[in-house]
Amino acid sequence: MTWERHPTTWTRNALHELIRSEFRDVRVIAVSNREPYIHRRGPNGVECAQPASGLTTALDPIMRATGGVWVAHGSGDADRSAVDRRDHVAVPPEEPSYTLRRVWLDQTTERRYYYGLANEGLWPLCHVAFHRPVFRQEDWESYRRANRLFADAVLEEADGEPAVVFIQDYHFALLPRLLKERNPNLTVAQFWHIPWPNRETFRVFPWKEELLDGLLGNDVLGFHLRYHCNNFLDTIDRGVESLVDMERSEVWRGGGLTRVRAFPISIDFEQHTLEADSPAVAIHMERWRKELGNGHQFLGIGVDRADYTKGIPDRLWAVDRLLESYPEYRGKLLFLQVAVPSRTQIGEYQRLNQEVEDICGEINRKWARGSWRPIRLCSRHLPQIELMALHRLSHFCMVTSLHDGMNLVAKEYAASRVDEDGVLVLSSFTGAARELSAALPINPFSVEDMAEALRTALVMPRDERARRMRALRAIVRQNNIYTWAGRVMGALLEANNAPGVFGHSQAMVFSSGVQA
Ligand code: GDG
C-alpha cells in the first residue's frame with residue numbers, strides 16, 4: 001500500500017492492512033506507563049482484565065497486526081505471577097498475538113516519577129490551569145531512573161537490531177534519547193497526550209535542557225494540535241541549540257531530525273455507535289430511568305476523571321446560576337456528574353474531591369424542593385455501557401475543561417447519540433473544540449457564559465439539535481482512532497531513512513518527496 005492509497009476513512013481493517021503490508025518483518029515496540037492487560041487477585045483466583053482506555057483501543061490493533069512487544073509498568077498485584085523469566089506474558093489472553101513485557105518499579109520510584117514529577121510537575125505545567133506545578137529534585141531523579149529502566153527493557157527487546165518504537169505520553173520524555181544513544185538503528189516516535197504550553201510557561205521547568213534534549217531523540221513527535229506543535233517548536237527555538245524549521249515543522253539537532261506533527265486522537269466511532277445502539281444499552285437506560293426517578297423533566301450530564309483541569313466546580317456553579325436566572329427550571333432539571341476518583345495519592349486531587357462534594361451539598365440544600373435536588377454526584381467508575389445509557393438519556397452533556405489536550409468524552413457523547421439528539425456544551429479550551437464546531441462553545445472560566453449556554457441547549461429546537469449532532473457525528477466518524485493510528489504509522493514510514501529498518505525501505509519513500 002502506498003501513501004496515496006491510504007483510505008479517506010480509516011477502519012480497523014485498513015489499519016491492519018497498512019501494517020501488514022508496510023511493517024512486514026518490522027519489529028514494533030510500544031511503550032506506555034499503563035499496561036494493556038493487568039493481572040489481579042480476585043475472589044476466584046487470578047484474573048486478567050483489560051483496563052478501559054482509549055489508548056488500548058488505538059494500540060491493540062497495531063500490536064495484534066505486528067505481533068510486537070508492548071513494554072509497560074506491571075502494576076497489578078498478580079502481575080509477577082503471570083510472566084515468564086523474561087517478564088513476558090502473551091496477550092490478549094483469549095487469542096495471544098503479541099507480547100506484554102512488564103517493567104517493575106519500586107513504590108518510591110513509582111510515587112516520585114509518576115505521581116511526583118509527571119503528575120504534580122509536568123501535568124499542571126503543561127495544562128496552565130492555574131495550579132502551581134511542584135518540582136522536587138528527588139522526583140526528577142526517580143523520573144530519570146524510571147526512564148532508564150524502561151530504556152533497558154526496550155533495548156533488550158530490540159536486541160541491537162532495527163525496530164520501530166512508539167512511546168506514549170509525558171512520563172517518558174527522556175526515553176527517546178536514551179534509546180537512540182544505545183541503538184541508533186531504532187526509529188522512535190512519541191505521542192504527547194497533553195497540551196504543550198507556550199515557551200514563557202515552560203521556562204520555569206528546572207531541568208528543561210535535559211527534558212527537551214530527551215524529546216529530540218524522537219524521529220517523530222506528535223501532539224493533538226498544530227498549536228501545541230508550534231508552542232513546542234518555539235520552546236526549542238529559544239531553549240536548545242538546534243535548527244528549527246517552522247515551515248516544515250522539523251528540528252535538527254546533533255545530526256538527528258525530529259518531525260513535529262499534529263495527530264488529533266479520537267475514538268472507535270463505529271464500534272462505539274454499534275454498542276450504544278444495542279439492546280444491552282437500552283436495558284441500562286431503563287435501569288437509570290428508574291434510578292434517577294421521574295421527578296425531573298430535563299437531564300444534563302458531566303463525565304470526567306476527577307481532575308482540576310476538567311473545571312467541575314465551575315460547571316456545578318453554572319447549574320446553580322441557571323436556576324437563579326431561569327426559575328422555570330427549578331424542580332425540573334437534574335444534573336448528574338460522574339466524577340471518577342483519580343490520582344488520589346496527590347493532595348490537590350483529594351481537596352478537589354472534597355470541594356466537589358461540598359459544592360453539590362451546598363447547591364442541593366439551596367434549591368431543595370420536596371424530594372427534588374438539582375444535582376446528583378456519582379463518584380465511582382461506571383462501565384462504559386452505563387455511560388452510553390446516560391449519554392442517550394440526557395438533554396445535554398457538559399465538557400468544561402479549563403484546558404485539555406483533546407477530551408474524548410465529547411467525542412464519545414456524539415458517537416453515542418445514534419438518535420441524533422442531545423446538545424454538547426464544549427469548552428473552547430479543549431483540543432476537541434477545534435474539530436467539533438457544531439457544539440455549543442463555552443468559556444469555562446465564566447459561570448454566566450456557561451449558564452447561558454445551558455439555557456440555549458434547553459430551548460434549542462429539535463431540528464437544530466439534530467443538525468448539530470449530525471455534524472458532530474460526521475466529524476468523529478471521519479477522524480476516528482484508526483485515522484490517528486494510521487497517520488502516526490504513516491509518519492513513521494516517512495521517518496524511515498535507515499536502510500534495513502523495514503524489509504523493503506526503498507518502496508516506502510514518502511510520496512510527497514519529503515525525506516530526511
Ligand atoms: C488524556 C488527556 C486526551 C471517565 N469516567 C469514566 C470513564 N471515563 C473515560 C471517558 C474517556 C476517558 O475516561 C477520559 O478521557 P479524556 O480524553 O476526557 O481525558 P484524560 O483522562 O485526561 O486523557 C486528554 C486523552 O488523554 C487521550 O489522548 O483526550 O486531553 O488529558 O474515555 O469516557 N470510563 C468509564 N467509566 C467511567 O466512570 N468506563
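Residues numbered from 1 in each chain as written. Predicted model: local features only at pLDDT ≥ 70, side-chain atom pairs only at ≥ 80, totals over all residues. Heavy atoms only, no water.

**Some thoughts on the site of the ligand**
Reasoning step 1: Around the ligand, 22 residues are found, and the nearest of them are His193, Leu382, Asp404, Leu408 and Glu412.
Reasoning step 2: One of the backbone N or O atoms of glycine 405 is found 3.1 Å from an oxygen atom in the ligand.
Reasoning step 3: Within the contact set of the ligand, an oxygen atom lies 2.8 Å away from a backbone nitrogen or oxygen of methionine 406.
Reasoning step 4: In the complex, 86% of the free accessible area of the ligand, which totals 740 Å², lies under the protein chains. (Near = heavy atom within 4 Å. Polar contact = N/O pair within 3.5 Å; in protein donor to acceptor, adjacent residues only side chain to side chain. Areas by Shrake-Rupley, 256 points an atom, 1.4 Å probe, with all protein chains shown as cover.)

**Some details on the nonpolar core**
Reasoning step 1: Core analysis: the largest hydrophobic core is formed by 79 residues, its most contacted members being Phe23, Leu424 and Trp484.
Reasoning step 2: Viewed by domain, this core spans two of them, domain 1 (3-266 + 480-512) and domain 2 (269-478), each represented by three or more residues.
Reasoning step 3: Discounting residues that sit within four places of it in the chain, leucine 424 has contacts with Cys397, Val399, Ala410, Tyr413, Leu436, Ala439, Leu440 and Leu472.
Reasoning step 4: Counting 58 residues, the second largest nonpolar core, distinct from the first, contains Tyr114, Ala118, Phe205 and Val240. (Core = buried A, V, L, I, M, F, W, Y, C linked by side-chain atoms within 4.5 Å. Buried < 20%, exposed > 50% of the residue type's maximum accessible area, 1.4 Å probe, protein only. Domains from an automatic or database assignment. Contact = heavy atoms within 4.5 Å.)

**What to know about the sheet that holds strand β13 (residues 298-305)**
Reasoning step 1: With parallel pairing, 6 strands are arranged side by side in an open sheet as β15-β14-β13-β16-β17-β18. Taken across any chain shown, the strands that pair with only one partner, and hence form the sheet edges, are β15 (375-378) and β18 (440-442). Averaged over all pairs of adjacent strands, the angle between strand axes in this sheet comes to 20 degrees, irrespective of strand direction.
Reasoning step 2: Alignment of β13 against strand β16 (residues 396-399), held across 2 bridges, turns out to be parallel. The residue bridging isoleucine 301 from the neighbouring strand is cysteine 397, located in β16. (Pairing = 2+ DSSP bridges. Helix = DSSP H or I, 4+ residues; strand = E, 2+ residues; numbered from the N terminus. Axes fitted to C-alpha atoms, helices over the stretch in contact; angles between N-to-C directions.)

**Some points on the domain arrangement of the protein**
Reasoning step 1: Taken domain by domain, the protein consists of domain 1 (3-266 + 480-512) and domain 2 (269-478).
Reasoning step 2: Each of domain 1 and domain 2 has a C-alpha centre, and the two are 31 Å apart.
Reasoning step 3: The interface is formed by 26 residues belonging to domain 1 together with 24 residues belonging to domain 2.
Reasoning step 4: Carbon and sulfur atoms supply 59% of the area that domain 1 and domain 2 bury against each other, a total of about 2,100 Å² over both sides.
Reasoning step 5: The largest per-residue losses of area from domain 1 upon contact with domain 2 belong to Tyr115, Trp123 and His131, which jointly make up 25% of the total buried on that side.
Reasoning step 6: The interface formed by domain 1 and domain 2 holds 0 salt bridges in total.
Reasoning step 7: Joining domain 1 to domain 2, the criterion identifies 12 residue pairs in polar contact (both at pLDDT 80 or more).
Reasoning step 8: Where the side of domain 1 that touches domain 2 is concerned, the elements lending two or more residues are α4 (107-127) and α9 (226-239).
Reasoning step 9: The leading source of residues in the side of domain 1 that touches domain 2 is α4, at 7 residues. (Buried area = accessible area lost by both parts, 1.4 Å probe. Salt bridge = Lys/Arg side-chain N within 4 Å of Asp/Glu carboxyl O.)

**Details of unusual backbone geometry**
Reasoning step 1: A cis geometry characterises the amide bond from valine 91 onward to proline 92, with omega recorded as -10 degrees.
Reasoning step 2: Backbone geometry at aspartate 159 places phi at a positive 55 degrees, although glycine is not the residue there.
Reasoning step 3: Within the fold, aspartate 159 resides in the loop between α5 (137-158) and β7 (163-168).
Reasoning step 4: For asparagine 407, which is not glycine, the phi torsion reads 95 degrees and is therefore positive.
Reasoning step 5: Note on placement: asparagine 407 falls in the loop between β16 and α15 (408-416).
Reasoning step 6: Of the residues examined, asparagine 407 reaches a relative accessible area of 5% and is grouped as buried.

**Remarks on α15**
Reasoning step 1: Here α15 lies mainly inside the structure; 8 of its 9 residues are buried.
Reasoning step 2: Along α15, the residues classified as buried are Val409, Ala410, Lys411, Glu412, Tyr413, Ala414, Ala415 and Ser416.
Reasoning step 3: Measuring from the backbone nitrogen of valine 409 back to the side-chain oxygen at the start of α15 gives 3.1 Å, which picks out asparagine 407 as the cap.

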